[in-house]
Amino acid sequence: MTEAATKIALTVGEAAKRSGVAVSTLHFYEAKGLIQSWRTEGNQRRYHRSVLRRIAIIRVALLAGIPLTTIHDALVDLPHDRVPSKADWARFAKAWQEMLEARIVGLTQLRDQITSCIGCGCLSLEDCPLRNPDDELGRHGTGPRRLGAKP
């Protein structure tokens, strides 16, 4: 690492404080390949300042329910020493939009039908419009047909 890069680098404590996550979270993100650090001659971990924007993207994506593997795939080609741009974020958002829309549709359906859903015929409900339309599972016997079912 160059001297200039070292001067703008963040310690693990600084990166944690500035990003609002625990040091252990930084280590976890690093183990998952979401962020990257380097070691000083004294074996101390250092992060490029761009890590703060990467962590912000990771946190927003996690809040939206985006799986870590999907976040990793989005960030994998983004250099660790460059601050993600608006264009980068637009690319991530576009890639995740279809998945989020499907989740919204599913949650809206669940919200609208949850009062008639007890759990796939498991608790004597005649039909479950979400998981057991027209009581299809009831034709195969009584009791829970999916809970504890053997593959």
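In this text the structure is predicted, and so the values were computed from the model without any measurement.

Mind showing me how you'd approach the overall build of the protein here?
In terms of helices and strands, the protein carries six helices and three strands. Counting the 151 residues in the protein, one finds 28% classified as buried. In the protein, of all internal contacts separated by at least 6 residues, the share reaching a separation of at least 24 is 50%.

Explain the nonpolar core to me, please; I cannot follow it from the model alone.
The nonpolar side chains of a soluble globular protein tend to be buried, and buried together. Of all hydrophobic cores here, the largest spans 23 residues; its most connected members are Leu 26, Ile 35, Tyr 47, Ile 71, Leu 75 and Trp 96. Secondary-structure elements contributing two or more residues to this core are α2 (12-19), α3 (23-31), α4 (51-63), α5 (68-75) and α6 (86-113). The biggest single contributor to this core is α4, with six residues. When neighbours within four sequence positions are excluded, Ile 71 is seen to be in contact with Leu 34, Ile 58, Ala 61, Leu 62, Ile 66 and Trp 96.

Please explain unusual backbone geometry as it appears in this structure.
What is expected of a backbone is that most residues other than glycine have negative phi and most peptide bonds are trans. Unlike most non-glycine residues, Asn 43 shows phi in positive territory, near 65°. If you trace the backbone, Asn 43 turns up in the loop between β2 (38-39) and β3 (45-47). The class for Asn 43 is exposed, based on a relative accessible area of 51%.

Whenever I open this one, α2 confuses me. Can you help?
One full turn of an α-helix is made of 3.6 residues, so residues set three or four places apart face in the same direction. The set of residues buried in α2 consists of Val 12, Ala 15, Ala 16 and Ser 19. Seen from one end, α2 has its buried residues packed into an arc of 100°, which puts them on one side. For α2, exposure combined with an orientation more than 90 degrees from the buried face picks out Lys 17 and Arg 18. Lining the buried residues of α2 we find β1 (10-11), α3, β3 and α4.

Quick notes on the rules
- Residues numbered from 1 in each chain as written.
- Predicted model: local features only at pLDDT ≥ 70, side-chain atom pairs only at ≥ 80, totals over all residues.
- Heavy atoms only, no water.
- Helix = DSSP H or I, 4+ residues; strand = E, 2+ residues; numbered from the N terminus.
- Buried < 20%, exposed > 50% of the residue type's maximum accessible area, 1.4 Å probe, protein only.
- Contact = heavy atoms within 4.5 Å.
- Core = buried A, V, L, I, M, F, W, Y, C linked by side-chain atoms within 4.5 Å.
- Arc of directions from axis to C-beta.

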